[in-house]
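A structural walkthrough
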Amino acid sequence: MKTNFFNGRLVNLVPLDMEKDLVLWEKWDRDSEYKRLLDDIPAAQFSSSLIKEYIENNTNDGSLFMVHTVSDDRVIGFIELGGYDWADRNAWVGIGIGDPEYRGKGYGTESMQLLLGYAFKGLNLHRVNLNVFAYNKRAIRSYEKCGFRYEGTQRESIYKEDQRWDVIDMGILRSDWEQFNQI
Amino acid sequence: MDTRSLFEGSLVVWTSLDPEKDAAQLSKWTFDPEFVRHHFDGVYRPYMVSEIKKKFKEDLKKADERRQQYYFGIREKEGERLVGLLRFAWVQAALQYAGLVLDFEDETLAEKYFDETLEMAMRYAFMELNLHRLYVVLPGFDVDAIGRYEQAGFLRETQRRQARFRDGQYYDELIYAILKPEWKDRIKEKQQ
């Protein structure tokens, strides 16, 4: 039996190419709007060589993939599953579509659906978590389309532009995922 | 300026943690999976004294360099026996939030010292670290801790369904938080 978790209709998930992909990563990081959706800490920029060093020295066991388009093999973003807890069978997911041309068109949603298949069928996880900023409505819709459910609001956790913003917690159980995909 | 000590309560004192002196005791605490979860990565196991020394020396050094973690040993005022460990974790100065990680050696000591330590921790968080938000992550099975944080004014914000596995079954994981204006209101109410 052969299983392939990582090839979809719109995207393929491919491990990072250290030589080619980090230049793109550095370029995406210049987009402050993207950075503000991706992380709550102050938007910073790092050279591709420094990112490379960081990844090489990183000892976590997360699974990082670059998102490639099926149509022309363009690298448009990344998705990562990590922070595993093997007793709770719980993990965290993070995703960023760095190329603005490919946002809001279903590429991120399909990437997430592929990753959830890998998480539940490949890794036998019980649940997957994510955080999303309350102002990121597009991402919240995308996560709901994958079967994630709202689990709470961390009040006033982000402080930008002299305003406080909430962070939303979402989660998906294996049973949610099976029901959602009618497995 | 409030001239009361940040570190001295009526029952407990906050002091530095000393890996050399405290390691033997901390090693015993690692038989509690929750304590280990608060300080170690990876799959749960107890840790031996030499590992504890190395680990906390490194963590305290990093904490000093990066100022994102603040550790305090909680000691009984009489005799200064270490009874708990307190850490302000993931302190984000730009965002004005931090997590609170607080463990006592056992339930009897928590019963005695938790409430005062938490009052002191909130003052330190809002008046010294200048935070806006202080949060704590609790397993659904720890009903004693849940009650104490609720009593102190923390609100339940998030319920991660079945995120924690303990003794053969799943429990929810909860996020509780208190914001600076809420804490100030409570202080005012008490003074009235």
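So, how was this worked out
- Residues numbered from 1 in each chain as written.
- Chains lettered and ligands numbered in written order.
- Predicted model: local features only at pLDDT ≥ 70, side-chain atom pairs only at ≥ 80, totals over all residues.
- Heavy atoms only, no water.
- Helix = DSSP H or I, 4+ residues; strand = E, 2+ residues; numbered from the N terminus.
- Rg over C-alpha atoms; globule rule 2.2 N^0.38 Å.
- Buried < 20%, exposed > 50% of the residue type's maximum accessible area, 1.4 Å probe, protein only.
- Areas by Shrake-Rupley, 256 points an atom, 1.4 Å probe, with all protein chains shown as cover.
- Lys, Arg positive; Asp, Glu negative; His and termini not counted.
- Charge placed at Lys NZ, Arg CZ, Asp CG, Glu CD.
- Contact = heavy atoms within 4.5 Å.
- Buried area = accessible area lost by both parts, 1.4 Å probe.
- Salt bridge = Lys/Arg side-chain N within 4 Å of Asp/Glu carboxyl O.
- Expected span 1.5 Å × (residues − 1).
- Arc of directions from axis to C-beta.
- Core = buried A, V, L, I, M, F, W, Y, C linked by side-chain atoms within 4.5 Å.

Looking at the overall build of chain A
- Helix and strand counts for chain A stand at six helices and seven strands.
- In sequence order, chain A lays out its α and β elements as β-α-α-α-β-β-β-α-β-α-β-β-α.
- Relative to the globule expectation of 16 Å for 183 residues, the C-alpha radius of gyration of chain A, 16 Å, shows essentially globular dimensions.
- Taken along the three principal axes of its C-alpha coordinates, chain A extends 40 × 40 × 35 Å.
- Expressed as a percentage of its 183 residues, the buried residues of chain A come to 48%.
- Carbon together with sulfur atoms contributes 48% to the accessible area of chain A, which is approximately 9700 Å² in total.
- A distance of 5 Å separates the average location of the 23 positive side-chain charges in chain A from that of its 29 negative side-chain charges.

Notes on the overall build of chain B
- The secondary structure content of chain B amounts to six helices and seven strands.
- Along the chain direction, N to C, the helices and strands of chain B fall in the order β-α-α-α-β-β-β-α-β-α-β-β-α.
- Computed over the C-alpha atoms, the radius of gyration of chain B is 17 Å, within 12% of the 16 Å expected from 2.2 N^0.38 for a compact globule of 192 residues.
- Viewed in the frame of its principal axes, chain B has a C-alpha envelope of about 50 × 40 × 35 Å.
- Of all 192 residues assigned to chain B, the portion counted as buried reaches 51%.
- For chain B, the proportion of contacts with a sequence separation of at least 24, taken over those separated by at least 6, is 58%.

Structural notes on the interface of chain A and chain B
- Contacts between the two partners involve 28 residues from chain A and, on the opposite side, 24 residues from chain B.
- Between chain A and chain B, roughly 2300 Å² of surface is buried when both sides are summed, and carbon and sulfur atoms account for 41% of that area.
- Counting the surface chain A buries against chain B, the share from its top three residues, Asp88(A), Glu151(A) and Arg155(A), is 29%.
- Inspection of the region where chain A meets chain B yields eight salt bridges.
- A salt bridge links Arg155(A) to Glu157(B); the nearest nitrogen and oxygen atoms lie 2.6 Å apart.

Quick word on the environment of Val12(B)
All names here are of chain B.
- For Val12, the location among the structural elements is in strand E1 (residues 12–15).
- For the pair formed by Val12 and Gln69, sequence separation is 57 residues and the distance between their alpha carbons is 21 Å.
- Here Val12 is in contact with Phe7, Ile74, Arg75, Lys77, Tyr113, Glu116, Thr117 and Met120, once residues within four sequence places are set aside.

Some remarks on helix H3 (residues 49–66) of chain B
Residues and elements named next belong to chain B.
- With 18 residues, H3 ought to run about 26 Å at 1.5 Å a step, and its terminal C-alpha atoms sit 26 Å apart, in line with that.
- All buried positions along H3 are accounted for by Ile52, Lys55, Phe56, Asp59 and Ala63. Looking down the long axis of H3, one finds its buried residues gathered within 90 degrees of arc, a one-sided arrangement. Exposed positions of H3 whose direction lies more than 90 degrees from the buried face are Lys54, Lys61 and Glu65.

Re the nonpolar core
All names here are of chain B.
- Trp14, Leu86, Phe88, Met122, Leu134, Tyr149 and Phe154 are the most contacted members of the largest nonpolar core, which totals 39 residues.
- Looking at this core, the elements with two or more residues in it are E1, strand E2 (70–76), strand E3 (82–92), strand E4 (97–104), helix H4 (107–128), strand E5 (133–139), helix H5 (143–151) and strand E7 (169–179).
- Looking at this core, the element that brings in the most residues is H4, giving 11 residues.
- What Met122 contacts, discounting residues up to four positions off in sequence, is Leu134, Ala152, Phe154, Ile178 and Trp183.

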